[in-house]
Amino acid sequence: MLQAGIVGLPNVGKSTLFNALTKSRKAEAANYPFCTIDPNVGVVQVPDSRLGPLAELVGTSTIIPAAVEMVDIAGLVEGASKGEGLGNKFLANVREVDAIVHVVRCFEDEDVIHNMGRVDPVGDAEIIMTELVLADSESVASQLQKNLKKARGNDKDAAANVSLLERLVPHLNQGTPANLLEMDEDEKERLKAFFLLSGKPMLYACNLKEEEIADSGSNPFLKPFQEWADSQQDANCCVISAKMEEELSELSEEDAKEYLEAMGVQDSGVTSLINATYDLLGLASFLTAGEKEARAWTFRHGMTAPQCAGVIHTDFEKSFIKAEVVSYDHLVEAGSMQKARDGGKLRLEGKEYVFADGDVVLFKCNA
């Protein structure tokens, strides 16, 4: 399962958010730096509004949403690339995840200390990005030397690596993240093999006070931060209240709904954050529905029908024959699988078919 790592400076709300997302108390959330040392790993359900109507359509009460793994990583401090704080451990943990959810503190609270002595989300984000870039600069220099040796032996792949690495060296030395280097599609794929920290897909979770979620525009830190984030390639922002979500996680579904209504919102922002993280990882969901359950299955964009069949069971990929596929919207519009079939909306797809998010499918495989 692909993983998204939750990172940030100490005391920005990382562990509080992790606990709320995973509905657990795995991560200690305390008012002092480095209360998280070893990374905490939890499974987060992906909200999917399609599953309820789909379950009703087929007459089942069992709903199984897709899931994604989140990793709560120790707070980073300035100088991490040189080993300050838990720097080396932090950077090693970041290197292992597939995408980064960067929590930035956008609230004042005298009871919650700030590691840098002031609330400055742009400054906080720049500190972490600088440390990632500095670590990448050392990594690229090392990888360049290794590939230069191979390239002298007429290794064409190494020669292509050298070409990209030689462009990355001055780029990173200027303090610019790897993912902001202008690259063609081949180079973007090649970049992934270098496992650079600043080359990982990232989104920002802007942590606000509970009372600001209904009117996020009233927060003085949010707009300047969003303007800064716009200058970072592929870096979207999600507005959340980790504290609100933590309180919601302790309530019943009915009480949680009343709490949100009292606050003047429908969601604390966490639904958007989870869905954005799912998309950040390059993931989507296909759906299955029957008497036993309505279920969302995770697949990576670009996967073919046999590969998606293998998500359900590895043997299904090898024994795949065909897939009966209908889009969720067409199925709901038709009212049943049979009506969708009668209306020509149900398609038979073969081994070359590339799945789309929201495909409702029934696989046909050899016994």
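Summarised in this report is the structure supplied together with it. Remember, predicted model here, so these are calculated numbers, not experimental data.

Further remarks concern helix α10 (residues 270-280). Looking at α10, one finds that the buried residues are Val270, Leu273, Ile274, Thr277, Tyr278 and Leu280. With its buried residues spanning 160 degrees around the axis, α10 presents them on a single face. Following α10 by one or two positions, Gly282 adopts a phi angle in the positive range, close to 75 degrees.

Take unusual backbone geometry next. In this structure, Asn11 takes a positive phi of about 65 degrees despite not being glycine. With respect to the helices and strands, Asn11 occurs in the loop between β1 (3-7) and α1 (14-22). Phi is positive for Asn154, which is not a glycine, with a value near 65 degrees. Structurally, the position occupied by Asn154 is in the loop between α4 (121-151) and α5 (156-173). Taking relative accessible area as the criterion, Asn154 reaches 70% and is therefore assigned exposed.

In space, the six strands of this open sheet follow the order β2-β4-β1-β5-β6-β7, with mixed pairing throughout. Each edge of the open sheet is held by one strand with a lone partner, namely β2 (40-45) and β7 (235-240). Going from strand to strand, the sheet's axes swing by 25 degrees on average, the running direction of each strand aside. Judged from the four bridges that link them, β1 and strand β4 (residues 67-72) form a sheet pairing that is parallel. Each residue of the ladder has a partner; that of Gln3, found in β4, is Glu69. Most of the contacts of α1 go to β2, to which it runs at about 45 degrees, and overall it touches β1, β2, β4, β5 (99-105) and β7. Relative to the sheet, α4 contacts β5 and β6 (202-207), its axis offset from that of β5 by approximately 145 degrees.

Cut-offs applied
- Residues numbered from 1 in each chain as written.
- Predicted model: local features only at pLDDT ≥ 70, side-chain atom pairs only at ≥ 80, totals over all residues.
- Heavy atoms only, no water.
- Buried < 20%, exposed > 50% of the residue type's maximum accessible area, 1.4 Å probe, protein only.
- Helix = DSSP H or I, 4+ residues; strand = E, 2+ residues; numbered from the N terminus.
- Arc of directions from axis to C-beta.
- Pairing = 2+ DSSP bridges.
- Axes fitted to C-alpha atoms, helices over the stretch in contact; angles between N-to-C directions.
- Contact = heavy atoms within 4.5 Å.

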